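Structure at a glance
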Amino acid sequence: MPAPVDPWTAFLTWFQTIIIPDWNGLFALLPILVIVGVVGPMLSLLAVYWIYVLATNRRGRTHVEDPLPVPAPELADGSYDFPPNAPYCPTHNLIYPATTRDCPIDGRELQVRCPVDNSVRVASQQTCRTCGTRYELGAALAPIVVTRRGAPPAGGAAIA
């Protein structure tokens with residue numbers, strides 16, 4: 001028959017494990033404690049921030065379009081002033097973006113005025129026949145128009 005254990009001795013034995021811990025066991029748990037204590041909260045905060053951004057992000061819908069043609073300015077004598085190195089339609093007196101080669105209204109080829117000698121050539125021709133200057137329309141970054149699709153309902157977005 002086993003000898004009865006004194007309660008005071010049992011308490012001191014248990015208390016000794018708290019005061020004098022097993023250091024080898026604690027060092028073996030250190031990587032787990034680092035993961036749980038440092039990486040876990042960081043991932044939790046990252047997840048909370050990600051949910052916050054998704055909840056508050058206003059997902060605007062945009063559409064990229066080419067710029068629209070603009071009417072050429074009219075001079076005092078009734079003629080039109082077409083800027084150099086910009087395609088234009090002399091029939092409709094419209095100035096088009098640099099990437100346009102044909103008039104979308106009647107399908108005719110657009111014309112371009114040379115900035116060096118003011119001679120007129122067609123937009124698809126890249127070399128001026130008079131001065132020999134070579135130009136490529138639309139090679140530089142042409143401006144783009146960003147339009148918003150849809151609109152808030154009547155009365156403002158607060159109703160939606």
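Rules and cut-offs
Residues numbered from 1 in each chain as written. Predicted model: local features only at pLDDT ≥ 70, side-chain atom pairs only at ≥ 80, totals over all residues. Heavy atoms only, no water. Helix = DSSP H or I, 4+ residues; strand = E, 2+ residues; numbered from the N terminus. Buried < 20%, exposed > 50% of the residue type's maximum accessible area, 1.4 Å probe, protein only. Areas by Shrake-Rupley, 256 points an atom, 1.4 Å probe, with all protein chains shown as cover. Salt bridge = Lys/Arg side-chain N within 4 Å of Asp/Glu carboxyl O. Contact = heavy atoms within 4.5 Å. Polar contact = N/O pair within 3.5 Å; in protein donor to acceptor, adjacent residues only side chain to side chain. Phe/Tyr/Trp six-rings, centres within 6.5 Å; stacked < 30°, edge-to-face > 60°. Core = buried A, V, L, I, M, F, W, Y, C linked by side-chain atoms within 4.5 Å. Disulfide = S-S within 2.5 Å.

Attention now goes to the overall build of the protein. Looking only at helices and strands, one finds 2 helices and 7 strands in the protein. In the protein, which comprises 160 residues, the proportion classed as buried is 14%. For the protein, the exposed area adds up to about 12,500 Å²; of that, 65% sits on carbon and sulfur atoms.

Another aspect to go through is the pattern of salt bridges. Summed over all chains, the structure comprises 2 salt bridges. A salt bridge links arginine 113 to aspartate 81; the shortest N-O distance between them is 4.0 Å. Here the residue arginine 113 occupies a position in strand S5 (residues 111–113), and aspartate 81 occupies one in the loop between strand S2 (70–71) and strand S3 (88–89), the gap between them amounting to 32 residues. Salt-bridge contacts for arginine 108 lead to aspartate 106; the nearest nitrogen and oxygen are separated by 3.7 Å. On the accessibility criterion, arginine 108 (51% relative accessible area) is exposed. Residue aspartate 106 is classed as partly exposed on the basis of its relative accessible area, which comes to 34%.

Once that is clear, we can look at the environment of glutamine 126. Mapping glutamine 126 onto the fold places it in the loop between strand S6 (120–122) and strand S7 (145–148). With relative accessibility at 28%, the residue glutamine 126 sits in the partly exposed group. Between the C-alpha atoms of glutamine 126 and glutamate 136, which are 10 residues apart in sequence, the distance is 5.6 Å. With near-sequence residues (within four places) excluded, glutamine 126 lies in contact with Arg121, Thr133, Arg134, Tyr135 and Glu136. A distance of 3.0 Å separates the side chain of glutamine 126 from the side chain of arginine 134, its partner in a polar contact.

Counted according to the given criterion, the structure contains 5 aromatic pairs. Measuring from centroid to centroid gives 5.8 Å for tryptophan 8 and phenylalanine 11, while their planes differ by 35 degrees, and the two rings are tilted. With a gap of 3 residues between them, tryptophan 8 and phenylalanine 11 both fall in helix H1 (residues 7–19), about one helical turn apart. Given a relative accessible area of 54%, tryptophan 8 falls into the exposed group. Judged by relative accessible area, phenylalanine 11 falls into the partly exposed class, the value being 39%. Considering the side-chain rings of phenylalanine 82 and tyrosine 88, the 3.9 Å spacing of their centres and the 10 degrees angle between planes classify their relative orientation as stacked. By the burial criterion, phenylalanine 82 is buried, and tyrosine 88 matches it. Taken together through their ring pairs, the aromatic side chains of Trp8, Phe11, Trp14 and Phe15 make up a single cluster.

Core analysis: the largest hydrophobic core is formed by 8 residues, namely Cys89, Leu94, Tyr96, Cys103, Leu110, Val112, Ala123 and Leu137. Aside from chain neighbours lying at most four places away, what touches tyrosine 96 is Pro69, Pro87, Tyr88, Cys89, Cys103, Pro104, Ile105 and Leu110. One finds Ala72, Ala86, Tyr88 and Ile95 within the second-largest nonpolar core, a separate group that totals 5 residues.

This part covers the state of the cysteines. Considering all chains together, one arrives at 0 disulfides under this definition. Distance from the sulfur of cysteine 89, which forms no disulfide, to the nearest cysteine sulfur (cysteine 103) is 3.7 Å. Since its relative accessible area comes to 3%, cysteine 89 is described here as buried. Summary of cysteine pairing: cysteine 131 is not part of a disulfide, and the nearest cysteine sulfur, belonging to cysteine 128, is at 3.6 Å.

In short, shape yes, function no, at least from these values alone.
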